[in-house]
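What follows is the residue order along each chain.
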Amino acid sequence: MSLRDQWGREIDYMRVSVTDRCNLRCRYCMPHGIECVSMEEILTLEEYVRVGACAAALGIRKIKITGGEPLVRRGCCELIRMLKNTEGIEKVTITTNGVLLGQYLEELLDAGIDGINISLDTLDLDLYEALTGGGDLNQVLEAVRRTVTACEGRNIPVKINAVSLDLKEVAGQLGCRYEGPGWTELLELARRYPLDVRFIEMMPIGCGKQYRSVDHQEIERELAGRYPGMERDERVHGYGPAVYYRIPGFRGSVGLISALHGKFCCSCNRVRLTSKGYFKTCLCYEDGVDLREILRGGGSEIQMQKKLSDTMRAAVRGKPKAHCFEHPEQMTETGLMARIGG
């Protein structure tokens, strides 16, 4: 069975936030002072599995586990195992900031994880600490090394996700000294390790509105000038909209996710489930449906599954044609990214 919206797009990918909590305080996402919701408001593992089973029956095949920071959620690895055992779900991957990755790596592998994305915006120790509100870069880099080593023989892809920030400008805003080369330093990870480094344009949601994203057209020009042998990489790297390039001498590829300057809504294949059970069909609009109310509303399992199915199908049917990030005044989503899910 396939799940399609009113524009004919096949929706087969769901990003699932398992918590709004995080062990870092990145300035553009979840700075100090942000209050988290109570645990009673967040879906239980069993409720996630119920939604996952219903989504799979409708046509969802791939699930990305996100947060907040998903590894701070007790039972995260067990949830991955349960989703992997759900009929119809083909791939379950995770996006993490890497702080707890070394601690949970073996559990993730044992649960059957199909891919690991690590969020990392700079390799400068001082700037990383300032940008993340006290994070330890060396701890994350050690987790990257261990993860690549463990995943390479298992054919599990590892990716670095970097928000396309003007690092010198951000350092000035944070009162932090930074004299590095900017975003290009992260590319060295793809030279050193068999992993992809992906740059993601900052979306004007929540605290992200306070930071300017580097235009990916500018990054493409700089890449072409710096690496004249660079060429498009047409291999399938995942389920999202990244455009990839191969650079001679590099073990991994570089990817660009250009939500603002390379609008890819015509091929959007995703929906989102927040930690409170809100089912969203587009990141920049508040529109969606409350699945938690159905999950906790009583009735038989069969009745619940039918209501979930009907509600999710109707929501997908009404998925907007495109986002409006280029016209912020038309956006209706006012929540924090950490509450929506990364």
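Cut-offs applied
- Residues numbered from 1 in each chain as written.
- Predicted model: local features only at pLDDT ≥ 70, side-chain atom pairs only at ≥ 80, totals over all residues.
- Heavy atoms only, no water.
- Buried < 20%, exposed > 50% of the residue type's maximum accessible area, 1.4 Å probe, protein only.
- Helix = DSSP H or I, 4+ residues; strand = E, 2+ residues; numbered from the N terminus.
- Contact = heavy atoms within 4.5 Å.
- Polar contact = N/O pair within 3.5 Å; in protein donor to acceptor, adjacent residues only side chain to side chain.
- Axes fitted to C-alpha atoms, helices over the stretch in contact; angles between N-to-C directions.
- Parallel < 35°, antiparallel > 145°, perpendicular 65-115°, else oblique.
- Left-handed = near helix turned anticlockwise from the far one by under 90°.
- Nonpolar A, V, L, I, M, F, W, Y, C, P; charged D, E, K, R; others polar.
- Pairing = 2+ DSSP bridges.

## As for helix α4 (residues 125–132)
Along α4, the positions that sit buried rather than exposed are Leu127, Tyr128, Ala130, Leu131 and Thr132. Tucked inside the fold, the buried residues of α4 contact α5 (137–152) and α6 (167–174). Sitting at the head of α4, Asp124 places a side-chain oxygen 3.2 Å from the backbone nitrogen of Asp126. Of the residues trailing α4, Gly133 is marked for its positive phi of about 75°.

## Things to note about unusual backbone geometry
With an omega of 15°, the peptide bond between Gly67 and Gly68 qualifies as cis. Mapped onto the elements of the fold, Gly68 is located in the loop between β2 (62–66) and α2 (76–84).

## Thoughts on the packing of helix α3 (residues 101–111) against α5
Here α3 crosses α5 at 20°, and the two axes come no closer than 10 Å. Classed by the angle they form, the pair α3 and α5 counts as roughly parallel. Handedness of the α3/α5 crossing: right-handed. Counting all contacts with α3, which are made through Leu101, Gly102, Leu105 and Leu109, the residues of α5 involved are Ala143, Arg146, Thr147, Ala150 and Cys151. Grouping the constituent residues of the contact of α3 with α5 by class yields six nonpolar, two polar and one charged.

## As for the sheet that holds strand β8 (residues 243–246)
Strand order across the open sheet formed by 12 strands is β7-β8-β9-β6-β5-β4-β3-β2-β1-β10-β11-β12, with mixed pairing between neighbours. The sheet is open, and its two borders are formed by β7 (231–233) and β12 (288–290), each paired with just one other strand. With strand direction ignored, the average angle separating the axes of adjacent strands in the sheet is 25°. With four bridges connecting them, strand β6 (residues 196–200) and strand β9 (residues 254–257) associate as parallel partners. Bridge pairing in β9 places Val197 opposite Val254.

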